[in-house]
Amino acid sequence: MSSVATDRTPAPETFGPQAEPLTLHVNGEPRTAVADPATTLVEFLRDGLGLTGTKVGCDRGACSACTVWIDDEVAASCMTLVYDVRHRKITTIEGLASAGRLHPVQQAFIEHDALQCGFCTPGMVMSCARLVNRNPDCTLADVQTAVSGHLCRCGTYPNIFKATLAAAASVRDSESQQ
């Protein structure tokens, strides 16, 4: 008896080379724009959807200005092809606030002057907010680790550290009052 595989693996989805409409789940809602298979997530967000809060710094994954959340995990959107995340949940800096209220990290960045030119700010906020959401008992070392891949040309790291620790304290306080 010959051994013939009866389980047929479906052919992988193929795209392109032309641009086609693509819908992603961004900031809690489906958003559609046209993209070709070589489009990065940051290009799709900025050029296709008009969500310009996510910045393009190095376009090589080295500065973290383009940081977003993919399924609630920090990711460099300049290194992510948009078709690779078509079935995943994307959160950008524009989607971080909730019910008209800034995320505690966003508020703390304002209160602690943790931004100067502002170019790295969205990526920093996204990484710090992820840390605070995951661990409101974070330490200075935790914050330093969370932003270790971020490049701030203005050097406002001390204020970023203070802001993130203040946001974490704010989250802990609100959790203890519930």
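Calculation notes
- Residues numbered from 1 in each chain as written.
- Predicted model: local features only at pLDDT ≥ 70, side-chain atom pairs only at ≥ 80, totals over all residues.
- Heavy atoms only, no water.
- Helix = DSSP H or I, 4+ residues; strand = E, 2+ residues; numbered from the N terminus.
- Buried < 20%, exposed > 50% of the residue type's maximum accessible area, 1.4 Å probe, protein only.
- Contact = heavy atoms within 4.5 Å.
- Areas by Shrake-Rupley, 256 points an atom, 1.4 Å probe, with all protein chains shown as cover.
- Lys, Arg positive; Asp, Glu negative; His and termini not counted.
- Charge placed at Lys NZ, Arg CZ, Asp CG, Glu CD.
- Axes fitted to C-alpha atoms, helices over the stretch in contact; angles between N-to-C directions.
- Parallel < 35°, antiparallel > 145°, perpendicular 65-115°, else oblique.
- Left-handed = near helix turned anticlockwise from the far one by under 90°.
- Nonpolar A, V, L, I, M, F, W, Y, C, P; charged D, E, K, R; others polar.
- Pairing = 2+ DSSP bridges.
- Phe/Tyr/Trp six-rings, centres within 6.5 Å; stacked < 30°, edge-to-face > 60°.
- Disulfide = S-S within 2.5 Å.
- 1 Å grid on protein atoms, 1.4 Å probe; cavity = no way out; pocket = protein on both sides within 12 Å on 5 of 7 lines; lining within 4 Å.
- Points joined across faces, edges and corners; volume = space filled by probe spheres on them.

**Q** Whenever I open this one, the overall build of the chain confuses me. Can you help?
**A** Helices and strands together make up the secondary structure of the chain, namely 5 helices and 5 strands. C-alpha extents for the chain along the principal axes are approximately 70 × 40 × 30 Å. Taken across its 178 residues, the chain has 38% of its residues classed as buried. Within the chain, residue pairs in contact and separated by at least 24 positions form 57% of the contacts whose partners lie at least 6 positions apart. Element-wise, carbon and sulfur atoms account for 50% of the exposed surface of the chain, whose accessible area totals about 10000 Å². Counting 14 positive and 19 negative side-chain charges, the chain places the averaged centre of each group 3 Å from the other.

**Q** Sorry if this is basic, but what is going on with the packing of helix H2 (residues 104–111) against helix H3 (residues 121–134) here?
**A** Relative orientation and spacing of two packed helices are given, respectively, by the angle between their axes and the distance between those axes. Contact geometry of H2 with H3 gives a least axis separation of 9 Å together with a crossing angle of 125 degrees. Between H2 and H3, the crossing angle belongs to the class labelled oblique. Crossing of H2 against H3: the hand is right-handed. Here Val105, Gln106 and Phe109 of H2 lie close against H3, whose contacting residues are Thr121, Met124, Val125, Cys128, Ala129 and Val132. Taken together, the residues that form the contact of H2 with H3 break down as 7 nonpolar, 2 polar and no charged.

**Q** Even after reading the chapter, I still don't get the sheet that holds strand E1 (residues 20–26), so can you show me in this structure?
**A** In a beta sheet, neighbouring strands pair by backbone hydrogen bonds and run either parallel or antiparallel. The strand order across the open sheet built from 5 strands is E2-E1-E5-E3-E4, with neighbouring strands paired in mixed fashion. Two strands close off the open sheet at either side, each with one partner strand: strand E2 (29–35) and strand E4 (73–76). Across the sheet, the axes of successive neighbouring strands diverge by a mean angle of 45 degrees, strand direction being ignored. Contacts from H3 reach strand E3 (67–70), E4 and strand E5 (89–91) within the one sheet, and its direction differs from that of E3 by about 40 degrees.

**Q** Whenever I open this one, the packing of aromatic side chains confuses me. Can you help?
**A** Any pair of aromatic rings gets described here by the distance separating the centres and the angle formed by the planes. Throughout the structure, instances matching the rule amount to 1 aromatic pair. Seen in terms of ring centroids, Tyr157 and Phe161 are 6.3 Å apart; in terms of plane orientation they differ by 35 degrees. Their pairing is tilted. Of the two residues, Tyr157 and Phe161 both sit in helix H5 (residues 157–176), 4 residues apart, roughly one turn of that helix. Relative accessible area serves as the criterion here: at 23%, Tyr157 is assigned to the partly exposed category.

**Q** Sorry, what's going on with the state of the cysteines here?
**A** Each disulfide is one covalent bond, formed between the sulfur atoms of two cysteines. In total, this model carries 0 disulfides according to the counting rule given. Unpaired in this structure, Cys63 has its nearest cysteine sulfur neighbour in Cys58, at a distance of 3.8 Å. Here Cys128 is not disulfide-linked; the sulfur of Cys138 is the nearest cysteine sulfur, at 8.5 Å.

**Q** Honestly, the packing of H2 against H5 in this entry has me stumped. Any pointers?
**A** Two numbers describe how H2 lies on H5: the axes approach to 8 Å, and their chain directions differ by 135 degrees. Taken together, H2 and H5 sit at an angle that is classed as oblique. H5 is crossed by H2, and the crossing has right-handed handedness. Of the residues in H5, those in contact with Pro104, Val105, Ala108 and Phe109 of H2 are Ile160, Ala163, Thr164, Ala167 and Val171. Of the residues assigned to the contact of H2 with H5, the class counts are 8 nonpolar, 1 polar and no charged.

**Q** For this particular structure, what's the right way to read the layout of surface pockets?
**A** It is a probe the size of a water molecule, rolled over the atoms, that shows where empty space is left. Of the voids in this model, the largest pocket is the one considered here, and its volume is about 310 Å³. Taken together, 13 residues make up the lining of the largest pocket; nearest its centre are Arg101, Leu102, His103, Pro104 and Ser170. Of all the secondary-structure elements, those providing two or more residues to the lining of the largest pocket are H2 and H5. Considering only residue class, the lining of the largest pocket consists of 7 nonpolar, 4 polar and 2 charged. Here the second largest pocket is characterised by a volume of approximately 210 Å³. Along the walls of the second largest pocket sit 13 residues, with Val74, Ser127, Arg130, Leu131 and Ala146 positioned nearest its centre. For the lining of the second largest pocket, the secondary structure elements donating two or more residues are E4, H3 and helix H4 (140–146). Broken down by element, the residue count for the lining of the second largest pocket peaks at 4 residues, all from H3. The residue makeup of the lining of the second largest pocket, split by class, is 3 nonpolar, 7 polar and 3 charged.

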